[in-house]
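Given next are the chains, with one letter for each unit.
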Amino acid sequence: DQQVKQNSPSLSVQEGRISILNCDYTNSMFDYFLWYKKYPAEGPTFLISISSIKDKNEDGRFTVFLNKSAKHLSLHIVPSQPGDSAVYFCAASPYNQGGKLIFGQGTELSVKP
Amino acid sequence: EPEVTQTPSHQVTQMGQEVILRCVPISNHLYFYWYRQILGQKVEFLVSFYNNEISEKSEIFDDQFSVERPDGSNFTLKIRSTKLEDSAMYFCASSGQGTGANVLTFGAGSRLTVL
């Protein structure tokens, strides 16, 4: 089941620079997208979300962009901080099935001081 | 900040034994979920629960699995006869109403090891 794909298993960025994490999906019935962050030995923590009727949502240092025609979303973190180092999961929810999230494989972000 | 709590944090069991994983969702949330993550794999949806009944379940959630909300605060996942392949991290989650229903708050997880 590859409905949500994060093709980069890892990403390394210098502190202060921009981190861009990418996610692709195949199911056109997805209407809500979320990014979660996960530290070792903890559960996923909600970061930011976007509805399919929007193309951008911003919350502080975090911005999510959605390109429906390309079935692609990205998470921008700027400026990146060492505390942002974690695994980032993209997740999508099918129309009318809120709460049933389909997760990507995750991208491990390392922000170096 | 409200949180979802899960117990135990780690359980080791013999194949064929019954296991119950417990969760206390956020108190004013109405939707409850179980997800699991096998080591090295994706986080996978197992089941959603609303209004005291299962609203959706995945193919993984077969007859060996059951969920219950026995007392209005706890939400449990029971695996009747564990198999080796049930070894995974099990995450409980809950969500609120309206657009909040899409945003799940996860617990820290219960690691199940089946020997």
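A. Here's a closer look at the overall build of chain A. Within chain A, the regular secondary structure consists of zero helices and 11 strands. Taken from N to C terminus, the helices and strands of chain A fall in the order β-β-β-β-β-β-β-β-β-β-β. Summarising its shape, the C-alpha atoms of chain A cover approximately 40 × 30 × 20 Å along the three principal directions. Burial analysis of chain A (113 residues in total) assigns 45% to the buried set. In chain A, once contacts between residues fewer than 6 apart in sequence are set aside, the share between residues at least 24 apart is 54%. Accessible surface, chain A: about 5,400 Å² in total, of which carbon and sulfur atoms supply 48%.

B. Structural view of the interface of chain A and chain B. On the side of chain B, 15 residues touch chain A, which itself brings 23 residues to the contact. Where chain A abuts chain B, roughly 1,500 Å² becomes buried across the two surfaces, and 60% of that area is made up of carbon and sulfur atoms. There are six residue pairs in polar contact (both at pLDDT 80 or more) connecting chain A and chain B. Within the side of chain A that touches chain B, the residues separate by chemical class into 10 nonpolar, nine polar and four charged.

C. Examining the sheet that holds strand β7 (residues 65-68) of chain B more closely. Residues and elements named next belong to chain B. Taken in spatial order, the four strands make up an open sheet running β1-β3-β8-β7, and their pairing is antiparallel. Since the sheet does not close on itself, it has two edges, and those belong to β1 (5-7) and β7, each with one partner. On average, each strand axis in the sheet is tilted by 20° relative to the strand beside it, whichever way the strands run. Alignment of β7 against strand β8 (residues 75-79), held across four bridges, turns out to be antiparallel. Residue pairing across strands places Phe65 opposite Ile79, the latter belonging to β8.

D. The environment of Glu85 of chain B, seen in detail. Residues and elements named next belong to chain B. As for its position among the elements, Glu85 is in the loop between β8 and β9 (88-95). Separated by 38 residues in sequence, Glu85 and Val47 have C-alpha atoms that sit 18 Å apart. Beyond its immediate chain neighbours, meaning those up to four positions away, Glu85 contacts Arg36 and Ile38.

What counts and how
Residues numbered from 1 in each chain as written. Chains lettered and ligands numbered in written order. Predicted model: local features only at pLDDT ≥ 70, side-chain atom pairs only at ≥ 80, totals over all residues. Heavy atoms only, no water. Helix = DSSP H or I, 4+ residues; strand = E, 2+ residues; numbered from the N terminus. Buried < 20%, exposed > 50% of the residue type's maximum accessible area, 1.4 Å probe, protein only. Contact = heavy atoms within 4.5 Å. Areas by Shrake-Rupley, 256 points an atom, 1.4 Å probe, with all protein chains shown as cover. Buried area = accessible area lost by both parts, 1.4 Å probe. Polar contact = N/O pair within 3.5 Å; in protein donor to acceptor, adjacent residues only side chain to side chain. Nonpolar A, V, L, I, M, F, W, Y, C, P; charged D, E, K, R; others polar. Pairing = 2+ DSSP bridges. Axes fitted to C-alpha atoms, helices over the stretch in contact; angles between N-to-C directions.

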